[in-house]
Amino acid sequence: MDMLEDLETLQFEYGIQEEDRSWLYLLGRSHGLMTKACAHAAFFCKLLHNLRKSLQKKQTSRCRLAGLREDTPDDDALKVGIIGGGHLGKQLAHTLLQLVPIPADSLRISTRRPEALDEFKKLGIQCFYHNSSLVEWANVIFLCCLPSQLSNICVEIQTSLGKACTVYSFVAAVPLPRLKLLLNHTNVLRPQYQCVEDLASIWGANKEITAALQDPVILQATCPYSPAGGIILNIKWLEGVFYAAINVCTEKDMPHSQVLHLLNELFLSKRFEACEKDRVSFQKFQAQDFVSKAYAKNLSRKRPFPWFDLTAVQLKETPFSQYLSHSTTFQDNLTHLYCDSFGITLTKEQEPEVSTGFSSQ
């Protein structure tokens with residue numbers, strides 16, 4: 001597309017009649033939505049990747065102390081499956097490969113036309129058409145199919161879904177309660193986005209998503225709390241991300257006290273350092289941030305957290321809802337963590353305006 005940039009007659013807009021040009025904003029909106037969706041999916045995979053690495057280290061230490069056989073590093077590597085090989089599925093695959101980065105042997109794609117994915121096969125990615133076997137293998141499944149295809153896909157995969165497998169849906173037309181019913185599964189994430197009327201022109205329409213996410217302006221606009229760019233994420237998605245991380249630990253039967261320590265390390269460790277330097281107090285995560293005070297009071301240190309229904313987390317108020325909405329210190333920390341994970345460090349002047357998202361009710 002860069003080669004065609006200055007050739008006016010070959011631009012998409014050239015042949016459009018003047019009376020139809022008012023609809024061109026939809027092109028930017030579509031690209032902005034896809035950019036933001038891929039960025040959030042990559043951030044989620046980065047967190048799970050780092051979480052599983054930390055769990056692997058702890059497991060290795062325990063095995064050494066007990067004189068047991070250590071698992072190989074690949075035993076707990078994050079395995080990601082994509083169902084759907086259309087435009088979104090391809091863009092997502094490129095984003096995960098380049099920006100997480102997920103190794104080619106840890107990413108697989110199931111699509112009705114695997115022969116159309118030669119570019120990924122050349123990279124060593126397995127591309128086939130067998131949704132149930134993909135689901136049996138993966139830790140995270142991204143649904144990048146059409147709404148009309150979803151029911152049949154859910155019938156195919158629901159009996160193969162492991163309890164700990166996270167299903168991440170990009171099928172915007174199908175709400176969470178319906179997804180839960182179709183999949184017979186509660187470990188489901190579905191980001192929701194809202195576009196404002198005056199959409200910013202930062203998104204463009206021709207830039208590859210992996211390249212766009214290296215642009216500091218665009219990356220900051222994809223931050224979970226940022227309203228920049230005119231596309232707003234429902235922050236209930238972020239609650240789902242945290243509880244999904246806790247479920248990964250619960251599946252490993254990890255005591256909740258260790259889970260809290262791990263979450264503090266992953267999300268807040270850099271903030272601790274900054275606060276200690278500035279001699280400012282900073283609140284670490286506690287059990288009552290995620291479960292009710294009554295439940296937390298009766299939770300012994302060695303007991304794991306309960307298993308959380310991610311669909312309920314994203315549809316109802318949770319103990320973590322207030323924390324996410326009102327802790328500006330955490331919002332600031334998460335913004336820095338998010339940008340750092342993509343290799344861009346924010347200065348104080350670059351910190352974006354914060355939004356608490358929109359209501360899904």
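Relevant structure appears above.
What counts, and at which threshold
Residues numbered from 1 in each chain as written. Predicted model: local features only at pLDDT ≥ 70, side-chain atom pairs only at ≥ 80, totals over all residues. Heavy atoms only, no water. Phe/Tyr/Trp six-rings, centres within 6.5 Å; stacked < 30°, edge-to-face > 60°. Helix = DSSP H or I, 4+ residues; strand = E, 2+ residues; numbered from the N terminus. Buried < 20%, exposed > 50% of the residue type's maximum accessible area, 1.4 Å probe, protein only. Lys NZ or Arg CZ within 6 Å of the ring centre and 35° of its normal. Pairing = 2+ DSSP bridges. Arc of directions from axis to C-beta. Contact = heavy atoms within 4.5 Å.

**Focus: the packing of aromatic side chains**
Moving on, step 1. Under the definition given, this model contains 23 aromatic pairs.
Moving on, step 2. On the numbers, 6.4 Å between centres and 25 degrees between planes, the contact of F242 with F290 is stacked. Taken together, the positions of F242 in helix 9 (residues 236-251) and F290 in the loop between helix 10 (256-278) and helix 11 (293-297) put the pair 48 residues apart, joining distant regions of the chain.
Moving on, step 3. A relative accessible area of 0% places F242 in the buried class.
Moving on, step 4. Residues Y338 and F342 carry aromatic rings whose centres are separated by 5.2 Å and whose planes lie at 55 degrees to one another, so their mutual orientation is tilted.
Moving on, step 5. Among the residues examined, F342 registers a relative accessible area of 6% and is labelled buried.
Moving on, step 6. Three or more aromatic residues link up through ring pairs in this structure, and these residues are F242, Y243, F267, F285, F290, F305, F308, F320, Y323 and F330.
Moving on, step 7. Between K46 and the ring centre of F342, over which it is positioned, the NZ or CZ distance is 5.0 Å.

**Things to note about the sheet that holds strand 3 (residues 126-128)**
Moving on, step 1. The parallel open sheet is built from 6 strands, whose spatial order is 3-2-1-4-5-6. Of all the strands in the sheet, the pair left with one neighbour each is strand 3 and strand 6 (188-189).

**Re helix 13 (residues 319-326)**
Moving on, step 1. Buried within helix 13 are the following residues: F320, S321, Y323 and L324. The arc that holds every buried residue of helix 13, seen down its axis, measures 170 degrees, which confines them to one face.
Moving on, step 2. Where helix 13 is buried, its residues contact helix 9 and helix 14 (328-341).

**A word on the pairing of strand 5 (residues 166-169)**
Moving on, step 1. Judged by which residues are buried, strand 5 turns out to be covered on both faces: T166 and Y168 on one side and V167 and S169 on the other are all buried.
Moving on, step 2. Bridging between strand 4 (residues 140-143) and strand 5 involves 4 bridges; their strand directions are parallel. Bridge pairing in strand 5 links I141 to V167.
Moving on, step 3. Both strand 5 and strand 6 contribute to a ladder of 2 bridges, which runs parallel.

**Let's talk about the side chain of R52**
Moving on, step 1. Relative to the helices and strands, R52 resides in helix 1 (residues 25-66).
Moving on, step 2. Overall, R52 belongs to the buried group, its relative accessible area being 10%.

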